Structure formats: structure tokens, C-alpha cells
Amino acid sequence: MAKTILGIKLGMTQIFTEDGKVIPVTVVESGNNIVIRNKTVDTDGYYSVQLGFGEIKEKKVNKPMAGQFKKFGVKAVKYIREVRLAAESEYKIGDVIGVDIFAEGDLVDVVGTSKGKGFAGGIKRHHFARGPMGHGSKSHREPGSTGAMLSGPGGRVIKGKKLPGRMGGVRTTIQRLTVVKVDTNRNLLLIKGAIPGPKKGFVIIKETVKPSRKHR
């Protein structure tokens, strides 16, 4: 199984190296991930492992999920994510995965939900070029022509056209970030640079799919 762990983004700070260089880092609290369920080809048609993370009050767990937790004999958790595998998982139900699966210098991919920025125009949202700013121009920041439209009385803008609209709030992945420090006592990971999402946002940290030659 590729190294994968669930966590919460706490925010950004900076640390200093021994030679005095400043490194901007994002602090992620991971805690202890619990293996809730293993799926196999025989039972589900594919291999995967379900990880759980985060505390939650029993009264906030719905009946279907409460039944699942009871069936597999694990405590209720707030977040559950499934990790697809190429072969059967080596973990057993109830096993705990900590931040120590990563080490300083590891390259990771971080998945999160980007910050919602509300309604935005085409220039901010899609980096469109601005129109002429002279007084004779009537399209300074307008999107301009939408191009070819479907013919007939039901003509409309083709689906997927880049236009003004809601920006942010989507699943985002930042690849090849470096783990600067692993704090096993406080269950923290310090990752170089910025990662998606706001403070206290849920993130998935996994071994990068694009390792360098040094890490292969």
C-alpha cells in the first residue's frame, strides 16, 4: 500500500535550518488513522482499504454508519476515505497508522478542498486577457464572444465554456511537496510550502505518484 494518511490543516509557519535558512511550512495534524475496512476482489471486486480519522460524538453518527462501525468493531470517526490498492492490504481492521509512516525528505501529494472565493469574473477565475482600457472601449473586463453555439432554436453555450462563476471550493491536489519534519509526539507533519484548503480543513497526504530519480 502506498503511504497514505488523513489529517487536518492547522496553518502555516516557518522553521530555520541549521545554516540559518528559512523554510515556509504547513502544519498538518494527523493523529491516529484507524483501518475500518478492507475490501478484496472476492467481496467487492477490487482491493482497497478504508481509513478513518477524527473524533465525533456518538449522537452525530447516523444509523447506517453506526452499524458499519459496530459491525467491524471500531470506534466512530468523523472522516472516512477509501484508498484503492493494487493488491490485498497488509493492514488488519483496527490497526492504527501514525505520522511515522513518513520521514523527513519524503515527497508527498496533498489533496484538499480549495478555499471558496465566491463569484468571480473571467479575468480572475480563468486569467482572461483584459480588453482595451481606452474610453472608446466598451469591454474592459467582459468575457467577450462565447464562440460557436449549437444551431437550431435550442441554441445555447456549449457546456464547459470558461465563463464567470463560482471560484474555488473544488478538490485540488498539490504534487511533490517535501516533508520537512515529522513530530511523532504531537502527531504533526510539517510540509514545505502551501497546501489546499483553509485552516482546519481536511486533507489527504499520500506518497507522491511522481518521485524523483533519487526517491525511486
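Residues numbered from 1 in each chain as written. Predicted model: local features only at pLDDT ≥ 70, side-chain atom pairs only at ≥ 80, totals over all residues. Heavy atoms only, no water.

The next point concerns the side chain of Ser137. Within the fold, Ser137 resides in the loop between α3 (122-126) and β9 (165-167). A distance of 3.3 Å separates the side chain of Ser137 from the backbone nitrogen of Ser139, its partner in a polar contact. (Helix = DSSP H or I, 4+ residues; strand = E, 2+ residues; numbered from the N terminus. Polar contact = N/O pair within 3.5 Å; in protein donor to acceptor, adjacent residues only side chain to side chain.)

Taking strand neighbours around the barrel as the criterion, the six strands line up as β1-β2-β11-β10-β7-β12 in a closed arrangement whose pairing is antiparallel. Direction aside, neighbouring strands of the sheet carry axes that sit 50° apart on average. Pairing between strand β1 (residues 4-16) and strand β2 (residues 22-29): eight bridges, direction antiparallel. When the sheet's bridge partners are listed, Met12 is paired in β2 with Thr26. (Pairing = 2+ DSSP bridges. Axes fitted to C-alpha atoms, helices over the stretch in contact; angles between N-to-C directions.)

Quick look at the pattern of salt bridges now. A complete count under the given rule lists four salt bridges for this structure. Lys3 serves as the salt-bridge partner of Asp106, at 3.6 Å between the closest nitrogen and oxygen. Placement of Asp106 in the loop between β6 (96-97) and β7 (107-113) and of Lys3 in the segment before β1 is noted, with a sequence separation of 103 residues between them. Looking at Lys3, the relative accessible area reads 32%, which means it is partly exposed. A salt bridge links Glu82 to Lys39; the nearest nitrogen and oxygen atoms lie 3.0 Å apart. On the criterion of sequence distance, the pair formed by Glu82 in strand β5 (residues 79-85) and Lys39 in strand β3 (residues 33-39) is long-range, its members being 43 residues apart. When its relative accessible area of 11% is taken as the criterion, Lys39 is described as buried. (Salt bridge = Lys/Arg side-chain N within 4 Å of Asp/Glu carboxyl O. Buried < 20%, exposed > 50% of the residue type's maximum accessible area, 1.4 Å probe, protein only.)

We now examine a positive patch on the surface. A cluster of basic residues, Lys57, Lys59, Lys60 and Lys78, forms a positive patch at the surface. Here Lys78 is to be found in the loop between α2 (63-72) and β5. (Patch = residues over 30% accessible without salt bridge, like charges linked within 9 Å, V, L, I, M, F, W, Y side chains within 5 Å. Areas by Shrake-Rupley, 256 points an atom, 1.4 Å probe, with all protein chains shown as cover. Lys, Arg positive; Asp, Glu negative; His and termini not counted. Charge placed at Lys NZ, Arg CZ, Asp CG, Glu CD.)

Take unusual backbone geometry next. The backbone of His127 shows a phi angle near 60°, a positive value even though the residue is not glycine. The topology assignment puts His127 in the loop between α3 and β9. With a relative accessible area of 68%, His127 lands in the exposed category. Phi is positive for Arg176, close to 60°, though the residue is something other than glycine.

You can see Val209 is positioned in the segment after β12 (202-207). In contact with Val209, not counting residues within four places along its chain, are Asp109 and Gln175. (Contact = heavy atoms within 4.5 Å.)

Attention now goes to the nonpolar core. Inside soluble globular proteins, nonpolar side chains tend to come together where they are buried. In terms of nonpolar packing, the biggest core is built from 14 residues, with Val28, Val108, Val110, Leu189, Ile191 and Ile205 touching the most fellow members. Looking at this core element by element, the count peaks at three residues for strand β10 (residues 171-183). With residues near it in sequence (within four places) discarded, Ile205 still touches Lys3, Thr4, Ile5, Val28, Phe102, Val108, Asp109, Val110, Leu189 and Ile191. Counting residues in each nonpolar core, the second largest holds 13 residues, with Val49, Val83, Leu85 and Ile204 among its members. (Core = buried A, V, L, I, M, F, W, Y, C linked by side-chain atoms within 4.5 Å.)

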